[in-house]
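Letter by letter, the chains look like this.
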Amino acid sequence: MRGVGVEKRGLPYPEVRSKLVPKGMSLEEIKAWRTAEAEAARPSSYEAFCRAHGFCVACKSEGVTHNDNGVGYKVVGLDGDTQLFEQCPVCGGTGKFPMS
């Protein structure tokens, strides 16, 4: 049984993977976009790319919170033997840039 509050914040890994937002562009296309933006003197960071294409910068459009060291995801509990990972507090686990 999930702990108090965990059902709202925690996702099992298969669900985490199913929520990944496809970028719709190859790495080469992302690099080309960033190069074109830089040449046009516009913001061209990966964060700028994410914002321009509607991806959550906080979680790298993965919908879950990364560990502080950047390796893996934050575990918030267990559902039986299944680890639950913390949903991104910025996008609510959608991987999409939150629109206000």
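Residues numbered from 1 in each chain as written. Predicted model: local features only at pLDDT ≥ 70, side-chain atom pairs only at ≥ 80, totals over all residues. Heavy atoms only, no water.

**Observations concerning the packing of aromatic side chains**
In step 1: Going through the model one piece at a time under the given rule, you end up with four aromatic pairs.
In step 2: On the basis of an interplanar angle of 40° and a centroid distance of 6.0 Å, the ring pair of phenylalanine 49 and phenylalanine 55 is categorised as tilted. Take phenylalanine 49 and phenylalanine 55: they sit in the same class, and that class is buried.
In step 3: A centroid spacing of 5.9 Å and a plane angle of 75° characterise the contact between tyrosine 73 and phenylalanine 85, whose relative ring orientation is edge-to-face. Linking tyrosine 73 in the loop between helix H4 (46-53) and strand E2 (75-79) with phenylalanine 85 in strand E3 (residues 82-86), this pair joins segments that are twelve residues apart in sequence. With respect to burial, tyrosine 73 and phenylalanine 85 carry one shared label: buried. (Phe/Tyr/Trp six-rings, centres within 6.5 Å; stacked < 30°, edge-to-face > 60°. Buried < 20%, exposed > 50% of the residue type's maximum accessible area, 1.4 Å probe, protein only. Helix = DSSP H or I, 4+ residues; strand = E, 2+ residues; numbered from the N terminus.)

**Some details on unusual backbone geometry**
The phi torsion of most residues other than glycine is negative, and most of the peptide bonds are trans.
In step 1: For lysine 60, which is not glycine, the phi dihedral falls at a positive 60°.
In step 2: On the secondary structure map, lysine 60 appears in the loop between H4 and E2.
In step 3: Despite not being glycine, serine 61 shows a phi value in the positive range, around 60°.
In step 4: With respect to the element layout, serine 61 can be found in the loop between H4 and E2.

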